Amino acid sequence: MRRPRSWSTETRIKALLMAAAIGLTSLTVGTALTQGFLERVQEARILFDNTRSAAENLRADRTEVLLQTLAPSWREVSPGQSGEEIKSADGMVRRFSLDRTAILTALVYHQRYVLVVGLIGLLVAVELAVFLAYSLTRPMKILAWGCEQMRSGRWVRLPPLSRSPYELEALHEAFNEMVDNLQQWQDFQKEAARVERLAALGSVAAAVAHEVKNPLASMRIRLDLLRRGVSPQDAEHLAVLGSEVDRLNQTVSQLLTYARPGTPLFGPVDPGEILTWTEQMTASSCRAANIRLLREVEADCPSLWGDAQQLKQVLLNLTLNAVSAQPGGGRVILRAFRHRNGIALSVTDEGTGIPAELLERIFDPFFTTRPEGTGLGLSIVHRIVGGHGGTVSVETSPAGTTFTVLLPATSAEQDKER
Amino acid sequence: MPVLLLQLCAFGAYTLALVFLAGQAFSWKEDRRLFYVGGNRLRPGPMVGTFVATWMSAASILGYTMWLYTDGYVAFTGSVNGWLIGLVLMPFLVRKLRVSRALSLPQWLGDTFGDPRLRVLSALSLLGAYTFYIVIQFRAFGTIVGALLDIKILLASSLVYLFVLYTTFGGLPSVAKSDVLNLAIITGGVALAALTLLNRAGSFSAVHEALRRTAPAMLHPWNQEWSPLVTLLMMLSWGLGVAANPQYAIRLLSARTARDAYTTLALSALIIGSIYVGLTIIGLTSFVLLPGVSAASDELAFTDLVQSVLPPLPALGLFLAVLASAVSTANSQLLLAACSLCYDLSPREGRRRADLVAEDRFLFKNRLAIALIATVALFLSQLRLPGILLIGRYSWTVVAICFFLPLYVIRRPRRKELFFPLAAALLLHLFLTVVLGILPELALLPALALEGLLYFSPWRSLR
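Remember, predicted model here, so these are calculated numbers, not experimental data.

Enquirer: Just checking my understanding: could you explain the overall build of chain B for this structure?
Expert: Within chain B one finds 21 helices and zero strands. Against the globule reference of 23 Å for 463 residues, chain B gives a C-alpha radius of gyration of 22 Å, in line with a compact fold. A total of 463 residues make up chain B; the buried ones form 57% of that total. Once local pairs closer than 6 in sequence are excluded, the contacts in chain B between residues at least 24 apart make up 83%.

Enquirer: What's the story with the overall build of chain A in this structure? I'm lost.
Expert: Summing up its helical and strand segments, chain A has 10 helices and 10 strands in all. Over its C-alpha trace chain A gives a radius of gyration of 48 Å, far above what one expects of a compact globule, namely 22 Å for 418 residues. Taking the principal axes of the C-alpha coordinates as reference, chain A spans close to 170 × 50 × 40 Å. Out of the 418 residues in chain A, the part that is buried amounts to 23%. Taking the intrachain contacts of chain A between residues at least 6 apart in sequence as the baseline, contacts between residues at least 24 apart amount to 72%.

Enquirer: Help me out: how do you make sense of the sheet that holds strand β9 (residues 391-397) of chain A in this one?
Expert: Strands pair in a sheet through their backbones, by hydrogen bonds, and they do so in one of two ways: parallel or antiparallel. All names here are of chain A. Strand order across the open sheet formed by five strands is β5-β7-β8-β10-β9, with mixed pairing between neighbours. What marks the edges here is a single partner per strand, and that holds for β5 (291-297) and β9. Adjacent strand axes in the sheet meet at a mean angle of 15 degrees, parallel and antiparallel pairs treated alike. As judged from the seven bridges shared by β5 and strand β7 (residues 330-339), these two strands associate in the parallel manner. Counted as the bridge partner of Arg295 is Leu334 from β7.

Enquirer: For this particular structure, what's the right way to read the domain arrangement of chain A?
Expert: Frequently, the measure chosen for interface size is the accessible area removed from exposure when the parts meet. Looking at chain A, the domain boundaries give domain 1 (9-146), domain 2 (157-260) and domain 3 (265-417). Placing a centre on the C-alpha atoms of domain 1 of chain A and another on those of domain 3 of chain A gives a separation of 91 Å.

Enquirer: Looking at this structure, I do not really get the interface of chain A and chain B. What am I missing?
Expert: Contacts between the two partners involve 28 residues from chain A, matched on the other side by 25 residues from chain B. Ranked by the residues each element gives to the side of chain A that touches chain B, the list is headed by helix α4 (residues 112-151) of chain A, at 17 residues. In the side of chain A that touches chain B, the residues fall into 20 nonpolar, three polar and five charged.

Enquirer: I would appreciate a short explanation of the sheet that holds strand β1 (residues 74-76) of chain A in the present structure.
Expert: All names here are of chain A. Strand order in the open sheet formed by three strands is β1-β3-β2, and the pairing between neighbours is antiparallel. Taken across any chain shown, the strands that pair with only one partner, and hence form the sheet edges, are β1 and β2 (84-87). Strand-to-strand twist of the sheet, defined as the mean angle between neighbouring strand axes without regard to direction, takes the value 40 degrees. Here β2 runs beside strand β3 (residues 93-98); their pairing, made up of four bridges, is antiparallel. Its bridge partner being in β3, Glu84 is matched across the sheet by Phe96. Contacts between helix α1 (residues 9-56) and the sheet are confined to β1, β2 and β3, with β2 contributing the most and set at about 30 degrees to the helix.

Enquirer: What exactly am I supposed to notice about the nonpolar core here?
Expert: One broad trend across soluble globular proteins is that nonpolar side chains are buried collectively. Of all hydrophobic cores here, the largest spans 180 residues; its most connected members are Phe141 and Val322 of chain B. Take this core: its biggest share by element is 21 residues, from helix α16 (residues 312-344) of chain B. Grouped together as the second largest cluster of nonpolar side chains are 36 residues, Leu255, Val269, Leu376 and Ile380 of chain A included.

Enquirer: Quick question: what am I supposed to make of the packing of helix α4 (residues 58-71) of chain B against helix α5 (residues 74-89) of chain B here?
Expert: To characterise two packed helices, one gives the angle between the axes of the helices and the distance between these axes. Residue and element names in this part refer to chain B. Interhelical geometry of α4 versus α5 gives an angle of 150 degrees and a closest axis separation of 8 Å. The orientation of α4 with respect to α5, classified from their angle, is roughly antiparallel. Residues Tyr64, Trp67, Leu68 and Asp71 of α4 form the contact with α5, whose participating residues are Val74, Ala75, Phe76, Ser79 and Val80. A breakdown of the residues in the contact of α4 with α5 according to their chemical character gives seven nonpolar, one polar and one charged.

Enquirer: Before we go on, may I ask you to explain unusual backbone geometry in this structure?
Expert: Most peptide bonds take the trans form, and the phi angle of most residues other than glycine is negative. If you check the backbone angles, Asn290 of chain A has positive phi at about 60 degrees while not being a glycine. Tracing the sequence through the fold places Asn290 of chain A in the loop between α7 (271-288) and β5. For Asn40 of chain B, which is not a glycine, the phi torsion comes out positive at approximately 50 degrees. Within the secondary structure layout, Asn40 of chain B lies in the loop between α2 (32-37) and α3 (44-55). Its 16 C-beta neighbours within 10 Å are what place Asn40 of chain B among the partly exposed residues.

Enquirer: Just to check I follow, could you spell out the confidence of the model for chain B for this structure?
Expert: Keep in mind that low pLDDT regions are not for reading the predicted coordinates in detail. Mean pLDDT over chain B stands at 86; residues scoring 70 or higher make up 93%. Confidence metrics for the complex model read pTM 0.73 and ipTM 0.81.

Enquirer: In this structure, what is going on with the packing of helix α8 (residues 308-324) of chain A against helix α9 (residues 377-387) of chain A? I would like to understand it.
Expert: Residues and elements named next belong to chain A. Relative orientation of the contacting elements α8 and α9 amounts to 145 degrees, with a least axis distance of 9 Å. The way α8 lies across α9 gives a crossing that is left-handed. Taking contact as the criterion, the partners of Gln310, Gln313, Val314, Asn317, Leu318, Leu320 and Asn321 in α8 are, on α9, Gly377, Leu378, Ile380, Val381, Ile384 and Val385. Within the contact of α8 with α9, the residues separate by chemical class into eight nonpolar, five polar and no charged.

Enquirer: Looking at this model, I keep getting lost on α7 of chain A. Mind explaining?
Expert: Every α-helix carries 3.6 residues per turn, so stepping three or four residues along brings you back to the same face. All names here are of chain A. With 18 residues, α7 extends 26 Å from end C-alpha to end C-alpha; this agrees with the ideal 26 Å at 1.5 Å per step. The largest bend in α7 amounts to roughly 50 degrees and is located at Thr282. Every buried residue belonging to α7 is among Pro271, Ile274, Leu275, Thr278, Thr282 and Cys286, and all of these are buried. In this structure, the buried residues of α7 make contact with β4 (267-269), β5, β6 (304-306), α8, β7 and β8 (342-349).

Enquirer: Explain the environment of Met281 of chain A here, please?
Expert: Residue and element names in this part refer to chain A. Of note, Met281 is situated in helix α7. Met281 gets classed as partly exposed once you count the C-beta atoms within 10 Å, which come to 14. Sequence spacing of Met281 and Leu115 is 166 residues, and the spatial spacing of their C-alpha atoms is 95 Å.

Enquirer: Sorry if this is basic, but what is going on with the pairing of β7 of chain A here?
Expert: Residues and elements named next belong to chain A. Bridge count for β7 against β8 is eight bridges, and the pairing is antiparallel. Counted as the bridge partner of Ala336 is Leu345 from β8. Linking β7 to β8, which pair antiparallel, is a turn of two residues.

Enquirer: What is the right way to look at the environment of Arg95 of chain A in this model?
Expert: Residues and elements named next belong to chain A. Following the sequence through the fold, Arg95 ends up in strand β3. Taking the C-alpha atoms as reference, Arg95 lies 7.4 Å from Ser78; in sequence the two are 17 residues apart. Those residues within four positions of Arg95 in sequence are excluded, and the remaining contacts are Glu76, Val77, Gln81, Gly83, Glu84 and Glu85.

Analysis parameters
Residues numbered from 1 in each chain as written. Chains lettered and ligands numbered in written order. Predicted model: local features only at pLDDT ≥ 70, side-chain atom pairs only at ≥ 80, totals over all residues. Helix = DSSP H or I, 4+ residues; strand = E, 2+ residues; numbered from the N terminus. Rg over C-alpha atoms; globule rule 2.2 N^0.38 Å. Buried ≥ 20, exposed ≤ 12 C-beta atoms within 10 Å, placed from the backbone. Contact = placed C-beta atoms within 7 Å. Pairing = 2+ DSSP bridges. Axes fitted to C-alpha atoms, helices over the stretch in contact; angles between N-to-C directions. Domains from an automatic or database assignment. Nonpolar A, V, L, I, M, F, W, Y, C, P; charged D, E, K, R; others polar. Core = buried A, V, L, I, M, F, W, Y, C linked by C-beta atoms within 7 Å. Parallel < 35°, antiparallel > 145°, perpendicular 65-115°, else oblique. pLDDT = per-residue confidence, 0-100. Left-handed = near helix turned anticlockwise from the far one by under 90°. Expected span 1.5 Å × (residues − 1). Bend = angle between axes of the 7 residues up to and from the residue.

See below:
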C-alpha cells in the first residue's frame, strides 16, 4: 500500500472535530469566566455604592467595620493615589480602587471545577474525535487493501462490517459482490478457453486417429497371419508386437471416443446395472492388483436419464483409474445413491490421493502421471458427463480419492415414456 | 495573574500542546510491529526523547526529591546510583536483544528458552507490576494537582488518565512523539526550579556549607539508621531492576540500528545525569531554605515544599515536569501491559501472521486493553495503597526476577529449564515480602540467588 501523499481523511476529520471541540470549550469557559467577572465587578460596584451611602451618615471612627466588607474586591489606596472616595459624616475621605485581580482570583477559585471539567471535556471530545475518525476510515482502509490484493492477483473477500455506517457496509458488500462476479467471470473464461482448446485438439486428434486406425487394423491382420509356421522364439516376438499394436489401437480408439463421443442415446438407465457391469469388466484387473471391489446401491435408487453405453464407459474409466491408484492392493467402492440434485455415482479408492497442484489439470487430455497411461480416461469422463448435463467432482486426501458423477434423475414424464 | 488561573492555563496549554504537537497517530500502514516497537525504525532523536522521558517517572522526580529532602545524600546512594548502574549495564543488552525479532520481552524469553510457559508467567508478572506502577503515576499527579487546585483527587487523576490514554492509543510512535514534548517539559521544569533555588541560596557550595552547619548527617552518603550494607543492597536492587526493565529493553529493540541504540544510551545518560543533578539541587536547597516540611504523604509534602520555596512560575514548571513524567512513564507502561495481555497471553496471536483485516482487529483489541488497564489503574489509584516508592519497589523487583538472569547472566539458554527456577524465585519473593515483611528490594537478592542456584545447580536433572 502506498504512503498517502496528502492529509488523510482521518486527519481531516480529527482536525475538524478537535478544532470544534477546542473552540466550543474555549468559548464556553471564556464566556462563563467573562460573564462571572462582569457580574462580580457589578456586584462590587453595588456594594461600594451602598457602603458609600451608609458611610456618609456615620462618623469616621464608626465606618471601619463597614469598610472592611469591601474587601477583597476593593482595596484602600494611599492618599496620593487615585481612587473612588468614601466620605464620612465628619468629612473624612478615604479612597478605594477596584481590585480586579482579587475578583478574578476569587472567581477562578469558585469556578475551578468548571475549568477542570472543561479541560477533561476537551480531552474526552478529542478522544472521541479520534475514534470517530478511526471508525470511519478503517473500512476505507480495508477496502483499499482489498483493491490492492485484487490488483496483485489475490482474491479476497472483505469481512462484514458491524456497527459501521450503512454506506460503508454497502461499499464493502458491493466490493464482495464485485469479487464474486469477477471470480465467476474468470471461471467462465477459463472453462470457455478450455473447451475451445479441447475442441481444437479433438479435431486434430480425430483426423490423426482416423488415419492411423486403418493401417493398425491391417498390421494386426498381417501379424496374425505371420504367426503360423514361425519358430517359438519368433512367435514370442510377434506376440509382443501384437500387444503393442493392440495398445496403440486402444489409444487411438480412446482418442476417437474423446474427439467424437457420438450423440448420446438418452433413455432411462438403472444405476445398479451400470455398477454390476463395471464390476464384471474390472474383476480380473482387480484380482491381479489384489483389490477388493465393493458395490453399494442405495435401496430404491431411481433410474438415470442418459446413454447407458457412455455411462458404462465413465464408470469403467474411473474404476480402472482407482485400481491403478493402489498398486499395493486395497479396496475400491462403487456407489450409487440419491442426491438432492439427481443421482450420484461414485468411485472411491484408498490410494495416496492427488496432489493439490495437479487437481486443476486432471481432466485435461493427455495429462497423466502414469508412464503407461494415455491421459485420456478422465477427459473422456468429463466430456461424457458434460454431454449428459452432469458434473464430476473430486474429493481427495492422503487417505484416498472419491470421484462423484452427478447426473440428472429420470423425470416423471420420462418415467412415463419408460 | 492569579496563580490558580496560571496553573489552569498551564495545564490547558499542556493539553493543547499534546493534542497538536504530539498528535495521536493511527498510522495508515499499521501493524503490531509498528504499534509495539515502532517498526524497529526509531531514530536517535525520538529514541532519546522516549528513553529519558520514560526513565524520569513521577517516582523519580517526586520520590527522589523528597527522599533527598528528608535523608540527604543517602537518597542518591540508595536510588540514583543504583539506577545509573542499571543504565551502565544496558549496552550489553543491545546485540543480544536485537538478534531476536521479538515484539516483547516475554516473547523473547519464551523463544530464547523454548518454553511458552515462561512467556505466560513473565507476561502475567509484567501485567501486574505495570498496572500497579501506573497507579503510582496517577496517584502522584492526582494528589499534587488536587492539592494545588483544591479539587478532588479523582478529578485530577482523570486528567492524567486522559493524557495517558490519548498518547498510548497510537502505539509506540505516538508515545515516542509525546515523550519528546514531555522530556522538554521535564528538563525545562527541573532546570528552571533548580536555577531559581540556586539563585536564592547563592550557590551549591553555600547549600553544602549550610547543611554542614545545620544537618551534617544529610551529607553522609550512607544511612545512619540502616547499615551501609543495607543501603548498598538497596542500590544494587534498584540497579538490577532498572537493568532488566522491559521499558528500556523494548526501546533498544525499537531503534533503527544497534549504533542508534548505543547513541541513545550515551546521550540519555548525559541528560538523565543532568536531571538528577537538578533534582539533587532542588531537594537539598529546599531543605536549607525551608527545613521541616512534612505532610500526610510524599506528594502533599512535595506540593507544600515547592509552593513554599519557589515563586509561582518555577513552581509551576516543576509541577508540569511531574505531570510530564507521569504521562511519559505511564503511557510506556500501559503499552507494555496491553502487549502482555493481548499478545503474550494470547498464544494464537503470537503464532499467526495476520493480514490487514485481522491485524486491524488485533490492534483494536489492544486499544480496548489499554483503556481497560488504565481504568483499573485509575480506580486503584483512589484506594488506600502503600506509598509510591514502595509500589515502585514491588514492581521493579518482580520485573528484575523475571528478566535479570536471562538477560545478563545466562549465556547459553537451555530449553525449558528456566520456568521452575523463575516460578520458585517469584514465590520466594512473595513469601519474603508479604509474609515476613522484608523490603522488596532486599527480598530480591535471595530470590535472584535461588533462581540462579536452581538454574545452574548440578542437581537440576533431579527435577
